Amino acid sequence: MSGRFVRSSKYRHVFGRSTRKEQCYDNLRISRNAWDTNLVKVNPRYLSVNWEAGGGGAFAVVPLEERGKLPDRIPLFRGHTAVVLDTDWNPFNDEVLASGSDDGRICIWKVPEGFTVTPDVHADDIQDVAPVSKLSGHPKKVGHVLFNPAAENILATASGDFTVKIWDVEAGAAKLTLNLGDIVQSQSWSANGSLLVTTSRDKKLRIWDVRQERPVHEGQGHAGAKNSRAVWLGERDRIATTGFSKMSDRQLALWDIRSPQAPIDGFKTLDSISGVCMPFWDDGTNCLYLAGRGDGNIRYFELENDKFEFLSEYKSADPQRGIAFMPKRGVNIHENEVTRAFKTVNDTYIEPVSFIVPRRAESFQDDIYPPAVGLKPAMNSSEWFAGKEAIPPKISLGSLYDGEGLKEVTGVQDKPSSSVATETKAEPEAKPASPVKKAPEPTPVAKPAPSMKEQGASMAAMVNKFADDEEPEVVEESSFDEPSKPVERPARSETSSPSVKASPFLQKEEQAKTQTPPAVASPTTAERSSGPPTPSAEPTAPLSSTTGSVAAGSAADAVQREIGAIKELLAEQTKTIASQAEQVQNLTAEIEALKAKLG
């Protein structure tokens, strides 16, 4: 059988579905600042957008249910004296977020209760939102802010002063400082919040033991002059980076944190587009999404056996400058949506793009929705600074599907799992261990005739078993007159007759016996056929090497009986197919007659 091998995957047919313009978030004034951030952040309730505002910096918060064209004047989150460069939502409180600005300050905000962008007041009476607190400590602009994914109230901020500060938000103070020596281009936490990976303008990839304030690894990243990005692959000990080669080709790389001197299988070239690739990791599906800055495409890969297997690409004529991905607990489980992206379009509106697994089932799909991180942190800030490591409790997405709210599941990991262990475990779970299917039991005569599809599969299996280099039409004249034994027997001695040794059927039988364990020996032809089983005429005791000719004659009789059984099966199936074809013709004629009467 020839043909291209197709890799098995639940996500091979995932597709991106765009949203109609009237269901997008329109009439926005998205910041045109050239600083390389994502411009947009999202959680299951709100969307934050860096705003193009005069008189100091500001950003907007839009409730997700308030779609369509926004008013010209909406309440903004004001408190910075210069343009806002980045925002990030607290992973354990959907109303709290942080922002970093060109003024060197970090502001902590809380969305007011009942907040809306369409308040029932005059435009001149709309009140902007003020920050809850301000954190000062960076002398230069703060370009990136990122909450710890495991510990409560721990915030990492990267600044133009070439440092990353770790803040205890509750105490309002910077407790740790990481010195990089150059501008930070991206940062990403590990799942248990103990390690931080950074990329910087000096083309170095650094993995930090944050609480020790030192890098556990510092090495060469992407060699190109343009910006690179890094993202931690969830609970795995792997990191993905995007960047550029010296020839300005876009690249993708996978790193093992246990030996990060070079990427696994080197740097993979994607294309020659000039825009930065923004990577996003979905831990539930083991998929990596790459959104190009300045183009409209989003390509996605599945991580399998330490390789990024390309799945597909969402293509759009509308380029994006910023993009955000929804946390897993915010996706639409009833539509088999595995993730949702929010991309900026023309700096005027934001379009949601849903990535969906095409299935017809109307029940919860637990194989594509494993437990996800909920709203409960693994530790508080003091425990984290004391050195604790843990993964946050997981919630069952099935409880969200049934409308039961967030329900925790048991069996919480204390440390991220090994990527190798995870991948070696995944295959047996996806495929139950059953190397050989049992042949169907002989059926009584009263059983209804099998369908044409079943008969075709049975005939194909028979032909494949005994096929050789000859054409299928001359199967009756193939060299099946040589001895063979359908039952298990010891290996034949070297003194057997040459004709027996040269039989292609015997060679295939001997080869199958050397590769198949005795416990799953190949079933007899009678067991495979739908007719009654043919008893073996051979003795079960081991044969002596001096009685080769007797054994050969007995085996030849067995082969002839098998060939006869095959011929009978083919004849029966041919008759059944002819009968069913005649029935189809009669039904077709009746349908045509009914159509003629109705017409």
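You'll find the protein entered in an unreviewed UniProt entry as Coronin, with Aspergillus calidoustus given as the organism. Looking at the protein in UniProt, the text filed under Subunit (unreviewed entry) is "Binds to F-actin." Listed in UniProt under the heading Sequence similarities (unreviewed entry), the comment for the protein reads: "Belongs to the WD repeat coronin family."

J.: Looking at this structure, I do not really get the overall build of the protein. What am I missing?
T.: A count of helical and extended segments in the protein gives 8 helices and 32 strands. For the protein, buried positions account for 46% of its 599 residues. Surface exposure of the protein reaches about 30,400 Å², of which carbon and sulfur atoms provide 52%.

J.: Would you explain the sheet that holds strand E15 (residues 173–179) in this entry?
T.: Two orientations exist for strands paired in a sheet by backbone hydrogen bonds: parallel and antiparallel. Strands sit in the order E12-E13-E14-E15 across an open sheet of 4 strands; the sheet is antiparallel. On the outer flanks of this sheet lie strand E12 (142–147) and E15, each paired with one strand and no other. Mean inter-strand twist for the sheet, computed between neighbouring axes without regard to direction, equals 20 degrees. Note that strand E13 (residues 154–159) and strand E14 (residues 163–168) share 5 bridges and pair antiparallel. Bridging from a neighbouring strand, Ala-156 pairs with Ile-166 of E14.

J.: Hey, could you run me through the UniProt feature "repeat: WD" (unreviewed entry) in the protein in this one?
T.: On the UniProt side, "repeat: WD" (unreviewed entry) is annotated at positions that read residues 77–119, 135–177 and 184–218 here. Across residues 184–218, the secondary structure splits into 0% helix and 66% strand, with the terminal C-alpha atoms separated by 14 Å.

J.: I tried to follow the sheet that holds strand E8 (residues 84–89) on my own but got confused; where do I start?
T.: Reading across the sheet, the 4 strands line up as E8-E9-E10-E11 and stay open at both edges, with antiparallel pairing between neighbours. Edge strands, defined here as strands with exactly one partner in the open sheet, are E8 and strand E11 (133–136). Here the average twist between neighbouring strands, direction ignored, is 20 degrees. Taken together, the 5 bridges between strand E9 (residues 96–101) and strand E10 (residues 105–110) define a ladder with antiparallel strand orientation. Bridge pairing in E10 links Ala-98 to Ile-108.

J.: What am I meant to see in the packing of aromatic side chains here?
T.: Centre distance and the angle of the planes are the two values used to describe a pair of aromatic rings. One pass over the structure, following the stated rule, counts 19 aromatic pairs. Ring geometry for Tyr-46 against Trp-89: centres 5.8 Å apart, planes inclined by 15 degrees, an arrangement best described as stacked. Placement of Tyr-46 in strand E4 (residues 46–50) and of Trp-89 in strand E8 is noted, with a sequence separation of 43 residues between them. Tyr-46 gets classed as buried once you look at its relative accessible area, which sits at 5%. Members of the aromatic cluster, each reached through a chain of ring pairs, are Phe-280, Tyr-289, Tyr-300, Tyr-314, Phe-325 and Phe-355. Sitting over the face of the ring of Phe-385, Lys-175 holds its NZ or CZ atom 5.0 Å from the ring centroid. We note Lys-226 situated over the ring of Phe-244; from NZ or CZ to the ring centre the distance is 5.1 Å.

J.: Hey, could you run me through the pairing of strand E18 (residues 204–209) in this one?
T.: Moving residue by residue along a regular strand, the side chains alternate between the two faces of the sheet. In this sheet, E18 lies alongside strand E17 (residues 195–200) in antiparallel orientation, the contact comprising 5 bridges. For Leu-196, the partnering residue across the bridge sits in E18 and is Trp-208. Linkage of E17 to E18, two consecutive antiparallel strands, is achieved through a turn of 3 residues, within which Lys-203 is found at a positive phi near 70 degrees. Sheet analysis places E18 next to strand E19 (residues 214–220), joined by 6 bridges and oriented antiparallel. Opposite Trp-208, over in E19, you have Pro-215 as the bridge partner. Counting the residues between successive antiparallel strands, the hairpin from E18 to E19 contains 4 residues, one of them, Glu-213, with a positive phi of roughly 55 degrees.

J.: Quick question: what am I supposed to make of the UniProt feature "coiled-coil region" (unreviewed entry) in the protein here?
T.: In the numbering adopted here, UniProt assigns the feature "coiled-coil region" (unreviewed entry) to residues 570–597. Secondary structure content for residues 570–597 is 100% helix and 0% strand, while the C-alpha to C-alpha distance between its ends is 40 Å.

J.: How do you make sense of the nonpolar core when you look at a structure like this?
T.: Side chains of a nonpolar character, in soluble globular proteins, are inclined to be buried together. With 58 residues, the main nonpolar core has Leu-47, Tyr-289, Ile-298, Ile-350 and Phe-355 as its most contacted residues. Of the residues forming this core, the biggest block, 5 residues, is contributed by strand E5 (residues 58–63). The residues contacting Leu-47, other than those within four sequence positions of it, are Tyr-25, Val-40, Lys-41, Val-42, Ala-60, Val-61, Val-62, Leu-64, Trp-89, Phe-342 and Ile-350.

J.: Where do I start with the side chain of Asp-256 in this structure?
T.: Position of Asp-256 relative to the elements: it lies in strand E22 (residues 250–256). Within the structure, Asp-256 has its side chain in polar contact with the backbone nitrogen of Arg-258 (distance 3.0 Å). If near-sequence neighbours (up to four positions away) are discounted, Asp-256 is found in contact with Asp-237, Arg-238 and Ile-264.

J.: Hey, could you run me through the pattern of salt bridges in this one?
T.: Between side chains of opposite charge, pairing is possible as soon as their charged atoms come close. Considering all chains together, one arrives at 32 salt bridges under this definition. Taking the shortest distance from any N to any O, the salt bridge between Arg-206 and Glu-218 comes out at 3.4 Å. Residue Arg-206 is found in strand E18, and its partner Glu-218 is found in strand E19; the two are separated by 12 residues along the sequence. Across the salt bridge formed by Glu-383 and Lys-388, the nearest N and O atoms sit 4.0 Å from each other. With relative accessibility at 35%, the residue Lys-388 sits in the partly exposed group. Linked through salt bridges whose partners overlap, the residues forming this network are Asp-237, Arg-238, Asp-256, Arg-258 and Asp-306.

Calculation notes
Residues numbered from 1 in each chain as written. Predicted model: local features only at pLDDT ≥ 70, side-chain atom pairs only at ≥ 80, totals over all residues. Heavy atoms only, no water. UniProt positions renumbered as here; feature names shortened; annotations may be inferred. Helix = DSSP H or I, 4+ residues; strand = E, 2+ residues; numbered from the N terminus. Buried < 20%, exposed > 50% of the residue type's maximum accessible area, 1.4 Å probe, protein only. Areas by Shrake-Rupley, 256 points an atom, 1.4 Å probe, with all protein chains shown as cover. Pairing = 2+ DSSP bridges. Axes fitted to C-alpha atoms, helices over the stretch in contact; angles between N-to-C directions. Phe/Tyr/Trp six-rings, centres within 6.5 Å; stacked < 30°, edge-to-face > 60°. Lys NZ or Arg CZ within 6 Å of the ring centre and 35° of its normal. Core = buried A, V, L, I, M, F, W, Y, C linked by side-chain atoms within 4.5 Å. Contact = heavy atoms within 4.5 Å. Polar contact = N/O pair within 3.5 Å; in protein donor to acceptor, adjacent residues only side chain to side chain. Salt bridge = Lys/Arg side-chain N within 4 Å of Asp/Glu carboxyl O.

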